[in-house]
Structure formats: structure tokens, C-alpha cells
Amino acid sequence: LGRMKPVIVVHGGAGRIFKEREEGCCAGVVRAALQGYGVLKQGGSAVDAVEEAVRSMEDDPHFNAGCGSVLNEKGEVEMDAIIMDGKNLDSGAVSAVKCIANPIKLARLVMEKTKHMLLTDHGAHLFAQAVGIPEIPGEKLVTERSRERWKKNLEPDSNPEEFQKDLGTVGAVAIDSEGNVACATSTGGLSNKLIGRVGDTACIGSGGYADNHSGATSTTGHGESIMKVVLARLILYHMEQGMSPEVAADTALDYMKTRVGGLGGVIVVNKAGEWAARFSTKQMSWATVKDDNLHYGIYAGEKHTKSVDEALASEREGF
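Predicted model only: the values in this text are computed from it and were never measured.

Peer 1: How should I be thinking about the UniProt feature "active site" (unreviewed entry) in the chain in this particular structure?
Peer 2: Within this structure's numbering, the places UniProt gives as "active site" (unreviewed entry) are T169. Looking at the secondary structure, you find T169 in the loop between α6 (160–163) and β5 (170–175). If near-sequence neighbours (up to four positions away) are discounted, T169 is found in contact with H11, G12, G13, N64, T185, S186, T187, T201, T219 and T220.

Structure (C-alpha cells):
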């Protein structure tokens, strides 16, 4: 069997990224991509790599996942996450989870330790206790910025829709040296959402999908729109029809926009190791590593390139 060259692609959410946050978002996706690639280079699996990349972004307050998640109507953090293994279509997800630093770790355990695919709210909480995932106080996940935005959205003349433009789900897709693909996605959801609202992230085929026969994708954007068109699976369907990752992504995003007026972004890798990062929103932070080269960007058409060695060196000096 010819060894595949491993590839990882990550996104830090599609939407609008405020000027003062661009650098942090950029550094965050680059760090996540380098960490995931490190796993692949050491012979780790695609599933390990995407989990590691997403965990890195959950721990970064620049993103709407883990620490830094937006708050629901009651001012609490409720998070969703999914992971999927393209080898056998195994998947694990959690929704509406609270008081856990890394929902992606819990999703991975749902995949590996239960016969189920999705655990929610209280049940997810009981399962986390059973498998020894430490609980943390909910306030630990709340940043000053999330609280500010929550308060703004409570004002009578506020328009939470305006704030949904910077959505910031995080995700990763990868192909490992064995040719297995995987995806992972994690989010805090929509600011000031109803309690118990679950978006696309935890839903297989919407927030992500991975199948060795075609490839893997992770999505970001307006969750309800993504669910209506089952965006992740739609992209893989287009690739199964012979489209390149880029054309498949653009075609699906275009359909979502014309059919239901929804905007979003996606990252894709196909079974040949070709990748794409595409979005219909104003911006999406993304990064990828392939052939020991790092590429990253935030705006449409923007693509910076560095060698991995160079990138790791500047990582150590602080981005």
C-alpha cells in the first residue's frame, strides 16, 4: 500500500472577524493546524489529529467553542461537538453540554465507549462523570467578551442577528498516512440562543461528515441553514460525483445561499489528500498543513505560506 502524505485543515469559524481579533484568530488556527499535523507526522490517526486540533481551539478564548463560547439567553455556556471516523463511519457527538472544558474529548468518548452517537445535556453530563472527565465551574468558560455581547443582545433595541455574523465554530479535517479521513467540529452555538437549542454542529452530515470513500468536511456558519441542506454530506456527495474539493464546497455553499439564504464556510479534504477552505461569509480563519508547508488566511483569496519549520520556530517565539 502506498503511504498517503498526511494533510490537516482547520477552521476557526466563518463570519465577521473584528480587526483587533484577526491576529489572535490567525495565530489560533495556525497553532491548531501545526499541533494536528504533529500528531499525523508521528504516525497518529486522522481521528487523533482532528481531536487535538479542535481541543487546541476550544482552549483558545478567541473562538466560539470551549472557553470563549457565546452565552445562551440565560447567560450560560452550552456547547455542541462532533467527531467522525471515515474508516467505518463511527461518530460521537454531544449537545447542550455545560461545565466541560473540551466537549470534543467527550464526543470522542461517546464514539468509542458507547453504542450511541449523540448524548445530550444531562445524559452527556452523567456520561462525562462516568468516564472521569473533570467538571469545571461554568464561569471558567465565560469570557469578558462573551458576557459583554450577551448583555448587548439583551437590550430592547438590540438585534442579536447582527451579532450572529461572527459565528466562530471551530473544526478540523485530516487524512493520515494510512489514507483514513476524519472530521471534528465544536461550538458554543448562537449568542442568546434559547436554552436547549442545538445547531448543526452535533448533527451528523450537517456539522461534519467523514467517509474514506470520498473525504471529510467540517462546516461553520448559520446552523439552521446548514441543517436544512445537510451541508457536510452534500459536499461529499458532490465529490462522489467527481467534483474537486473546491468546486464541491463552492457548489454546496452556493446552493445553501440561493435556496435558504444561509451563509457559511467549510473545510474539505478528499481521499486523494486534496484540500479546500471555502466560505460565503465575509471571512473565515483557516489553516492547513500539507507536504510540510503551512498555508493560512482569513479573507477570500488570501493565502499565506510558510514552511512548517519556520512556522514552528515563530510559534516558539510567540506568534
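What follows continues from the structure just given.
Peer 1: Explain the nonpolar core here, please?
Peer 2: If you look at soluble globular proteins, the nonpolar side chains tend to sit buried side by side. I8, V10, I83, L106, A287 and V289 are the most contacted members of the largest nonpolar core, which totals 56 residues. Of all the elements, helix α1 (residues 19–41) adds the most residues to this core, at 10 residues. Ranked by size, the runner-up nonpolar core spans 33 residues in total, among them V173, I175, A252 and F279.

Peer 1: Just checking my understanding: could you explain helix α3 (residues 103–113) for this structure?
Peer 2: Owing to its 3.6 residues per turn, the α-helix brings residues three or four apart onto one side. Burial within α3 is extensive, with eight of its 11 residues counted as buried. Among the residues of α3, P103, I104, L106, A107, R108, L109, V110 and M111 are the ones counted as buried. The inward-facing, buried residues of α3 contact α2 (46–58), β2 (79–85), β3 (90–97), β4 (118–120), α4 (121–130) and β6 (181–187).

Peer 1: Before we go on, may I ask you to explain the pairing of β6 in this structure?
Peer 2: The two faces of the sheet receive side chains in turn, since in a regular strand these alternate between them. Judged by how many residues are buried, β6 sits mostly within the fold: seven of seven residues are covered. What you see with β6 is no split at all: V181, C183, T185 and T187 on one side and A182, A184 and S186 on the other are buried throughout. In the sheet, β5 pairs with β6 via six bridges, with the strands oriented antiparallel. In the strand pairing of β6, A172 is matched with A184.

Peer 1: Looking at this structure, how should I read the pattern of salt bridges?
Peer 2: A side chain with one charge can pair with a side chain of the opposite charge if their charged atoms come near. Enumeration over the complete set of coordinates arrives at 18 salt bridges. Linking E22 and K19 is a salt bridge whose minimum nitrogen-to-oxygen distance equals 3.3 Å. On the criterion of helical spacing, the pair formed by E22 and K19 is a turn pair, its members being three residues apart in helix α1. A residue is classified by how much of its surface remains accessible, and E22, at 15% relative accessible area, is buried.

Peer 1: Where do I start with the sheet that holds strand β13 (residues 304–307) in this structure?
Peer 2: Through backbone hydrogen bonds, the strands of a sheet pair up, either in parallel or in antiparallel fashion. Spatially, nine strands are ordered β4-β3-β2-β6-β5-β1-β11-β12-β13 in an open sheet, and the strand pairing comes out mixed. Two strands close off the open sheet at either side, each with one partner strand: β4 and β13. Sheet twist, expressed as the average angle between the axes of neighbouring strands with direction ignored, equals 10 degrees. Where β3 and β4 come together, three bridges link them in parallel fashion. Its bridge partner lying in β4, A93 is registered against L118.

Parameters and conventions
- Residues numbered from 1 in each chain as written.
- Predicted model: local features only at pLDDT ≥ 70, side-chain atom pairs only at ≥ 80, totals over all residues.
- Heavy atoms only, no water.
- UniProt positions renumbered as here; feature names shortened; annotations may be inferred.
- Helix = DSSP H or I, 4+ residues; strand = E, 2+ residues; numbered from the N terminus.
- Contact = heavy atoms within 4.5 Å.
- Core = buried A, V, L, I, M, F, W, Y, C linked by side-chain atoms within 4.5 Å.
- Buried < 20%, exposed > 50% of the residue type's maximum accessible area, 1.4 Å probe, protein only.
- Pairing = 2+ DSSP bridges.
- Salt bridge = Lys/Arg side-chain N within 4 Å of Asp/Glu carboxyl O.
- Axes fitted to C-alpha atoms, helices over the stretch in contact; angles between N-to-C directions.

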